[in-house]
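# Per-entry structural report
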Amino acid sequence: MAPRLQLEKAAWRWAETVRPEEVSQEHIETAYRIWLEPCIRGVCRRNCKGNPNCLVGIGEHIWLGEIDENSFHNIDDPNCERRKKNSFVGLTNLGATCYVNTFLQVWFLNLELRQALYLCPSTCGDYVMGDGIQEGKDYEPQTICEHLQYLFALLQNSNRRYIDPSGFVKALGLDTGQQQDAQEFSKLFMSLLEDTLSKQKNPDVRNIVQQQFCGEYAYVTVCNQCGRESKLLSKFYELELNIQGHKQLTDCISEFLKEEKLEGDNRYFCENCQSKQNATRKIRLLSLPCTLNLQLMRFVFDRQTGHKKKLNTYIGFSEILDMEPYVEHKGGSYVYELSAVLIHRGVSAYSGHYIAHVKDPQSGEWYKFNDEDIEKMEGKKLQLGIEEDLAEPSKSQTRKPKCGKGTHCSRNAYMLVYRLQTQEKPTTTVQVPAFLQELVDRDNSKFEEWCIEMAEMRKQSVDKGKAKHEEVKELYQRLPAGAEPYEFVSLEWLQKWLDESTPTKPIDNHACLCSHDKLHPDKISIMKRISEYAADIFYSRYGGGPRLTVKALCKECVVERCRVLRLKSQLNEDYKTVNNLLKATVKGNDGFWVGKSSLRSWRQLALEQLDEPDGDVDQSNGKMNGNTLNKDESKEERKEEEEELNFNEDILCPHGELCISENERRLVSKEAWSKLQQYFPKAPEFPSYRECCSQCKILEREGEENEALHKMIANEQKTSLPNLFQDKNRPCLSNWPEETDVLYIVSQFFVEEWRKFVRKPTRCSPVSSVGNSALLCPHGGLMFTFASMTKEDSKLIALLWPSEWHMIQKLFVVDHVIKITRTEVGEANPSETQYISEPKLCPECREGLLCQQQRDLREYTQATIYVHKVVDNKKVMKDSAPELNVSSSETEEDKEEAKPDGEKDPDFNQIMHAFSVAPFDQNLSIDGKILSDDCATLGTLGVIPESVILLKADEPIADYAAMDDVMQVCMPEEGFKGTGLLGH
């Protein structure tokens, strides 16, 4: 037996021998378990909830003994947010903006670019006054250049460990929750920056992007027949290098510049020869920029899946890169030094994390920029090992090649930045303009004020914690009541008093009161008995109530519980007695009527009645031993209990008298009824001589008469309309019978309801009228054409012979007469037949009905459509072809909203997986109409349930590399659509 049940039994064992009127104060204290011994720390390891004297394990352990001051607060040391000496400032990741942060750090450490941006004049004249910046007015950059200026100034001289780039990101209109293509972001932003700076008057500012990042190459085509060269000059800001199938950076560069043969269908039209000729084409590097950006094309398009994928192959590269072998004009200085490595950690193109390893151009030391965190590499060396280990996708991954001195290899690097080595090393620091420095100083002042405020809050929390520590140490020792006066306090409140994370609220004991406003005996398991001394201190400091002293022990509840327990112990004996009494035959008028259902379950009903808790307590407190009742469940249970019948109510009629059905009740002896009445004193009593309900008898007779009447009516109607009942020899509009020129129409609903009544007249009400108004419009016109009544609308109408119609008019009340008349038109050609309806068709309402039917057909959920693939103009249905469960009216904007259970978005990728056809190769059509609008709903496209969509696949492009180029151009337009990067 569980310890709590043992305590419960021990607390009430006396009730078996004590009558309710004999309950004493000693019995009451026993019921409240005051006799239990208090627990001792070290012996009792956890709190005994059934013991009100156990004060162990309620949260006191965190206060006893010596406590670290840091445990008194949850405020971090503000100095942890301070920038470290000789370190750089990080950038906050706003959700998925790590790709932006990496490029900002790389551009910040390009000193020439930073200096040029500082020289760019500000347009915010409102902020700059004669004596500096206006106080109390926040600086709001107006252009991208001003945003970049302000960010660079903060990165250079801020006291913060990291700064917030949200102003810059918001100005570009980027979605902070969506990770974008980092390489495309770099291209688009450089283009935007170049376009913005082109309007500056200062040439050092206007031309900085071209001077730093712009090189030039030529597409050279040479005719094999005449040797004529054709050149197409082009500028570049980065070289996009294919890494597939290569292991070294130099191999990628060589492939980029390799010669391509133009032969066969791909021959070149030579203007000199005036005909197509075989030719060669290659790229020649004409000039290289100071900063050489090499884009490693790790993210490529996979035609099999229709998505981008990442190439996790190792590429080796050296810290020194000699580009002289690759340029056309030799003799210059083309030796480059590695200055940055941009890393994508992760195996997928659509997830992961971006970081940057950047070399400080002044000290030559390498730093790892990971959003807010900046880490300095040891020994002025680039270290990529940790990043490569973190991206390990599987055990089967290719091992990392060995790298010699000054060389590195990475499977996560997607961009390498090299700086021309011949440039002079920077000796002086780039100076922040006074206007920007004043803004930085203002931000630093705010930061210092915040640090002081946080430090003061920490101090206050520590002081409060120390005071609480002393209070707990003093009071906890005085909590046990022992033999002195005592009070009861909620265990929950004591636990919150000892919880350092929550403020202590006033004591609230209302949840533990009974209907007599005293302590409920059943609530003793969630209460604790403490000394009066400790209670006085608690109430003086925290207030609350009511105070539960020894006078709060409820004698009324204890006496009632005593009575219930005694009845429970007596119930088993009485159950046997009643069963024996029920075996005896009742003679004369001494018996009582009892419901058979009540007799079967009276013992269970008695137990439930005895176990019913105090209703007032349940309303004031829905918790018992820490278990909270669900509100919805408690309402449903209460409703079910109200619907359940009490003892002997199963033989009550609707009028509150004895029911007339003797099958539901039986006679019991006077002795048996006397025993049952002890448990159910309020049960309805029916002596054997009590007459049944007179009203029910009258209703029963009327019901029998009505049944007989219904049978007679049904039999008469069935005899009058035998063919209509049996659905035999029915007329048909499409095959008009020769024996008549007139047919009458009623609604099919009327016929079906009438047949139900004729089949089961005692269970159904008779049909008294024919409601033909359902077939007419509000203007009184017919809603159906003759043609529709022969096809789709035939299930809504029933045709009658003239003889049947005459009988219908006699048997039922008819609201409208509807008939179809056949007439011969013209004397010359009597074979031409015309069908006229009365009333005539209403064209306007008919058109409205058809439109509504079309709308209903196209508005659906959870319908099935089929997809057939067409090969050589023949349909092919694969076993794995998808059956799509779709909704017709779901728009693009609705896709993000939560769906109810059972409703899911249609998965059109099933088409791609079933037929191996990528989305861009899919040509879908239905009934000859091409489905090309990606934003339209299925309903607007005319796709209805059970539709068959035809799929025709485009042939794959032979030139895989050409396809990749196309996709790399098109996909970023989608990714950055609607942002400021495309606005220029």
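Residues numbered from 1 in each chain as written. Predicted model: local features only at pLDDT ≥ 70, side-chain atom pairs only at ≥ 80, totals over all residues. Heavy atoms only, no water.

As named in an unreviewed UniProt entry, the chain is Ubiquitin carboxyl-terminal hydrolase 48, taken from Odobenus rosmarus divergens. What UniProt records for the chain under Subunit (unreviewed entry) is the sentence "Interacts with TRAF2 and RELA. Interacts with GPS1." What UniProt states about the chain under its Catalytic activity (unreviewed entry) heading is, verbatim, "Thiol-dependent hydrolysis of ester, thioester, amide, peptide and isopeptide bonds formed by the C-terminal Gly of ubiquitin (a 76-residue protein attached to proteins as an intracellular targeting signal)." (UniProt positions renumbered as here; feature names shortened; annotations may be inferred.)

### A word on the pairing of strand β23 (residues 486-490)
Successive residues of a regular strand alternate their side chains across the two faces of the sheet. Within β23, five of the five residues are buried, which leaves it mostly tucked inside the rest of the structure. Residue alternation in β23 divides its side chains into two sets, Y486, F488 and S490 and E487 and V489, and both sets are buried. Note that β23 and strand β25 (residues 527-531) share five bridges and pair antiparallel. Residue pairing across strands places Y486 opposite S531, the latter belonging to β25. (Buried < 20%, exposed > 50% of the residue type's maximum accessible area, 1.4 Å probe, protein only. Helix = DSSP H or I, 4+ residues; strand = E, 2+ residues; numbered from the N terminus. Pairing = 2+ DSSP bridges.)

### Here we look at unusual backbone geometry
With an omega of -5 degrees, the peptide bond between G545 and P546 qualifies as cis. As for its placement among the helices and strands, P546 is situated in the loop between β26 (544-545) and α15 (555-583). With an omega of 0 degrees, the peptide bond between E838 and P839 qualifies as cis. Relative to the helices and strands, P839 resides in the loop between β36 (833-838) and α25 (843-858). Backbone geometry places D727, a non-glycine residue, at a positive phi of 55 degrees. As for its placement among the helices and strands, D727 is situated in the loop between α21 (722-726) and β31 (742-747). Here D727 falls in the partly exposed class, since its relative accessible area comes to 47%.

### Quick look at the environment of N157
Mapped onto the fold, N157 is located in helix α5 (residues 144-157). On the basis of relative accessibility, which here comes to 27%, the residue N157 falls in the partly exposed class. Once you skip the residues sitting within four places of it in the chain, N157 turns out to touch R83, V432, Q437, V440 and N444. (Contact = heavy atoms within 4.5 Å.)

### Points about the sheet that holds strand β11 (residues 279-287)
Within the open sheet, the four strands sit side by side as β6-β5-β11-β8. Their pairing is antiparallel. Each edge of the open sheet is held by one strand with a lone partner, namely β6 (229-236) and β8 (260-262). Direction aside, neighbouring strands of the sheet carry axes that sit 25 degrees apart on average. Relative to β11, strand β5 (residues 215-223) runs antiparallel, the two being bridged by eight bridges. When the sheet's bridge partners are listed, V220 is paired in β11 with K282. (Axes fitted to C-alpha atoms, helices over the stretch in contact; angles between N-to-C directions.)

### Things to note about the packing of aromatic side chains
Scanning the entire structure with this criterion turns up 34 aromatic pairs. Between the aromatic rings of Y217 and F236, the centroid separation amounts to 5.2 Å while the plane-to-plane angle is 10 degrees, which identifies the pairing as stacked. Taken together, the positions of Y217 in strand β5 and F236 in strand β6 put the pair 19 residues apart, joining distant regions of the chain. Each member of the pair, Y217 together with F236, is buried. Ring centres of Y575 and W602 lie 5.7 Å apart, and the angle between their planes is 35 degrees; on these two criteria the pair is classed as tilted. Of this pair, Y575 sits in helix α15 while W602 sits in helix α16 (residues 596-611), placing them 27 residues apart in sequence. Judged by its relative accessible area of 31%, Y575 is partly exposed. The class for W602 is buried, based on a relative accessible area of 1%. Ring pairing ties together the aromatic residues Y99, F103, W107, F168, F185, F189, Y354 and Y414, which thus form one cluster. Looking at R478, its charged tip hangs above the ring of Y533, at a distance of 3.9 Å from the centre. (Phe/Tyr/Trp six-rings, centres within 6.5 Å; stacked < 30°, edge-to-face > 60°. Lys NZ or Arg CZ within 6 Å of the ring centre and 35° of its normal.)

### Some details on the pattern of salt bridges
For the coordinates displayed, the defined rule picks out 27 salt bridges. Here E337 and K359 are joined by a salt bridge, their closest N and O atoms 2.4 Å apart. Of the two residues, E337 is situated in strand β17 (residues 335-345) and K359 in strand β18 (residues 353-359); the sequence distance between them amounts to 22 residues. Each of the two residues, E337 as well as K359, counts as buried. Note that D522 is salt-bridged to R561, the shortest N-O span being 2.4 Å. Pair noted here: D522 is in the loop between β24 (507-508) and β25 and R561 is in helix α15, with a separation of 39 residues, a long-range link. Salt bridges here are not isolated pairs; linked through shared partners, they connect E184, K187 and E240. (Salt bridge = Lys/Arg side-chain N within 4 Å of Asp/Glu carboxyl O.)

### A word on the packing of helix α12 (residues 434-478) against helix α14 (residues 532-542)
At their nearest, the axes of α12 and α14 sit 8 Å apart, and the two run at 140 degrees to each other. Between α12 and α14, the interaxial angle falls into the category oblique. For the crossing formed where α12 meets α14, the hand is left-handed. Contacts between α12 and α14 involve E471, E474, L475 and R478 from the first element and Y533, A534, I537, F538, R541 and Y542 from the second. Of the residues contributing to the contact of α12 with α14, the split by class is six nonpolar, no polar and four charged. (Parallel < 35°, antiparallel > 145°, perpendicular 65-115°, else oblique. Left-handed = near helix turned anticlockwise from the far one by under 90°. Nonpolar A, V, L, I, M, F, W, Y, C, P; charged D, E, K, R; others polar.)

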